[in-house]
Amino acid sequence: MDTLLSPRRRTLLQGLGAAALVSGCGDLSLPFAGTAAAPALEFRGPTMGSTYTAKIAGAKLSAAAEAAARAAVHEALTAVDVAMSAHRPDSELSRFNAHASVAPYALSAETWAVFALAREVSAASGGAFDVTVAPVVDAWGFGPGRNYRVVGAAEVAALEASVDWRMLALDERARTAAKARPDVRADLSGIAKGYGVDRAALALDALGIGNYMVEAGGEVRTRGRNAEGRPWRIAIEEPDALPQRARLVVPMDGLAMATSGDYRIWFEKDGRRYCHEIDPATGVPIGNGLASASVVAADCASADAWATALIVLGAERGVALATELQLAAHFVVREADGRLADRSTPAFAALGAQPATRPAA
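Now for a description of the structure that goes with this document. (Residues numbered from 1 in each chain as written. Predicted model: local features only at pLDDT ≥ 70, side-chain atom pairs only at ≥ 80, totals over all residues. Heavy atoms only, no water.)

Once that is clear, we can look at the packing of aromatic side chains. Counted by the stated rule, this structure contains eight aromatic pairs. When the centroid spacing of 5.6 Å and the interplanar angle of 70° are considered together, the rings of Phe-96 and Tyr-105 count as edge-to-face. In this structure Tyr-105 comes out as buried when scored by relative accessible area, which is 17%. On the basis of an interplanar angle of 65° and a centroid distance of 5.5 Å, the ring pair of Phe-96 and Phe-115 is categorised as edge-to-face. One end of the pair, Phe-96, is in helix H2 (residues 92–98); the other, Phe-115, is in helix H3 (residues 109–124), and 19 residues separate them in sequence. Here the two residues Phe-96 and Phe-115 agree in accessibility, since each one is buried. (Phe/Tyr/Trp six-rings, centres within 6.5 Å; stacked < 30°, edge-to-face > 60°. Buried < 20%, exposed > 50% of the residue type's maximum accessible area, 1.4 Å probe, protein only. Helix = DSSP H or I, 4+ residues; strand = E, 2+ residues; numbered from the N terminus.)

Right under this line is the structure:
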């Protein structure tokens, strides 16, 4: 396959009274039945607290064209990281969050566009996707500090007073965002990586490159054909599997895909596991039995935001809404007996995804 859709997996021990197991996951190309041809160019690097990978197929590029492609992808991703990272104290997002005022705050065109798209998904999902969830995310330790802890009900209730996507008023003409309360803060981690992938893809388009796959932190966008002359094969990960392996393989050309999962970043305390996906309505990590939600869309930012919204909604409400909106979405559900089950919307089924096959030993 061309890539496994999943962020970088890591395992470590974190002190939390008793030792807590913490896990996240990552991008990895796994063995696939048959011998895959090598792309004309493949390169990778760090970005947004994770890594990116770009593959370009077709005729071999000249040295100058190769250098231009590398620079274009790197610069596009870096620009988004500098603007929208919560991990950078000097980022535009961090400055906006530090703006403890209800006065309108001027944003760059790119950051305003991400806020605007986030608002659209928030409205369409009934608030299941909500960038103002930042105070609660940080309290549970899933923000920049990574200081994992269980947050009590009283503290959650206090923090939830500043969580509501409708507390951000956007003015398109002035290109500003205004907070309803000074303590409103935004977390763009559920959409910024996808937007960064879109910017990198558009940068390759501008260079006239017609066959590529670019992925960052598990969000991916494709165009054209892979090195074998077929649509790019993007795999959805098998939840909880170590070592990582694919569950489904989706053929893609001119499409983007993102996955949100409950197994990516989590900690355990007193026998209970808490994942990094927070329900904005409750301020508590989800526990709805949905292991992962994957969304295929024309752009990666939309796929990224919708994958987050759907995993918060859970299997029943998520499948119903995605079907109603004609989203191409796939869900991996945790059954009561511990097994994993698959559910897809009609739009996803039409893509022709296949169960992953493993090469013979």
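Here we come to the sheet that holds strand S3 (residues 41–47). Sheet architecture is open: eight strands sit in the order S3-S4-S8-S9-S12-S17-S18-S19, paired in antiparallel fashion. At either margin of the open sheet sits one strand with a lone partner, and together these are S3 and strand S19 (340–344). Neighbour-to-neighbour, the strand axes of the sheet open up by a mean angle of 10°, direction not taken into account. Judged from the six bridges that link them, strand S12 (residues 256–261) and strand S17 (residues 290–297) form a sheet pairing that is antiparallel. (Pairing = 2+ DSSP bridges. Axes fitted to C-alpha atoms, helices over the stretch in contact; angles between N-to-C directions.)

On to the nonpolar core. Of all hydrophobic cores here, the largest spans 73 residues; its most connected members are Phe-115, Leu-188, Ile-191, Leu-310 and Phe-331. Sorting elements by how many residues they give to this core places helix H7 (residues 300–324) first, with 15 residues. Apart from the residues within four sequence positions on either side, Leu-310 is in contact with Leu-290, Ala-293, Val-295, Gly-318, Ala-322, Ala-329 and Phe-331. Counting residues in hydrophobic clusters, the runner-up holds 14 residues, among them Val-136, Phe-142, Val-156 and Val-163. (Core = buried A, V, L, I, M, F, W, Y, C linked by side-chain atoms within 4.5 Å. Contact = heavy atoms within 4.5 Å.)

As a further point, take H3. An ideal rise of 1.5 Å per residue puts 22 Å on 16 residues; H3 measures up with 23 Å between its terminal C-alpha atoms. Among the residues of H3, those classed as buried are Thr-111, Trp-112, Val-114, Phe-115, Ala-116, Leu-117, Ala-118, Val-121 and Ser-122. Buried residues belonging to H3 abut helix H1 (63–84), H2, strand S6 (168–171), strand S7 (176–179), helix H6 (192–206) and H7. Just past H3, the residue Gly-126 takes up positive phi, approximately 65°. (Expected span 1.5 Å × (residues − 1).)

Running from N to C, H6 and H7 cross one another at 165°; their axes reach a closest spacing of 7 Å. Taken together, the axes of H6 and H7 lie roughly antiparallel to each other. For the pair H6 and H7, the crossing hand works out as right-handed. The residues of H7 that touch H6, namely those facing Ala-192, Lys-193, Gly-194, Tyr-195, Val-197 and Asp-198, are Cys-300, Ala-301 and Asp-304. Among the residues forming the contact of H6 with H7, the class breakdown is five nonpolar, one polar and three charged. (Parallel < 35°, antiparallel > 145°, perpendicular 65-115°, else oblique. Left-handed = near helix turned anticlockwise from the far one by under 90°. Nonpolar A, V, L, I, M, F, W, Y, C, P; charged D, E, K, R; others polar.)

Attention now goes to the side chain of Ser-94. Of note, Ser-94 is situated in helix H2. Its relative accessible area of 15% is what places Ser-94 among the buried residues. Beyond its immediate chain neighbours, meaning those up to four positions away, Ser-94 contacts Ser-85, Ala-86, Arg-88 and Pro-89.

Strands sit in the order S5-S7-S6 across an open sheet of three strands; the sheet is antiparallel. Every interior strand has two partners, whereas the edge strands, strand S5 (105–106) and S6, have only one. Direction of pairing for S6 relative to S7: antiparallel, over a ladder of four bridges. In the sheet register, Ala-169 faces S7, and the bridge partner there is Ala-178. Where H3 meets the sheet, its contacts fall on S6 and S7, and the angle it forms with S6 comes to roughly 125°.

What follows deals with the environment of Glu-238. Among the secondary structure elements, Glu-238 is positioned in the loop between strand S10 (232–237) and strand S11 (246–252). Here Glu-238 falls in the buried class, since its relative accessible area comes to 13%. In this structure the C-alpha to C-alpha distance between Glu-238 and Ala-356, which are 118 residues apart in sequence, comes to 9.6 Å. In this structure Glu-238 touches Arg-245, Ala-246, Arg-247 and Leu-340, once residues within four positions along its chain are discounted. A distance of 2.9 Å separates the side chain of Glu-238 from the side chain of Arg-247, its partner in a polar contact. (Polar contact = N/O pair within 3.5 Å; in protein donor to acceptor, adjacent residues only side chain to side chain.)

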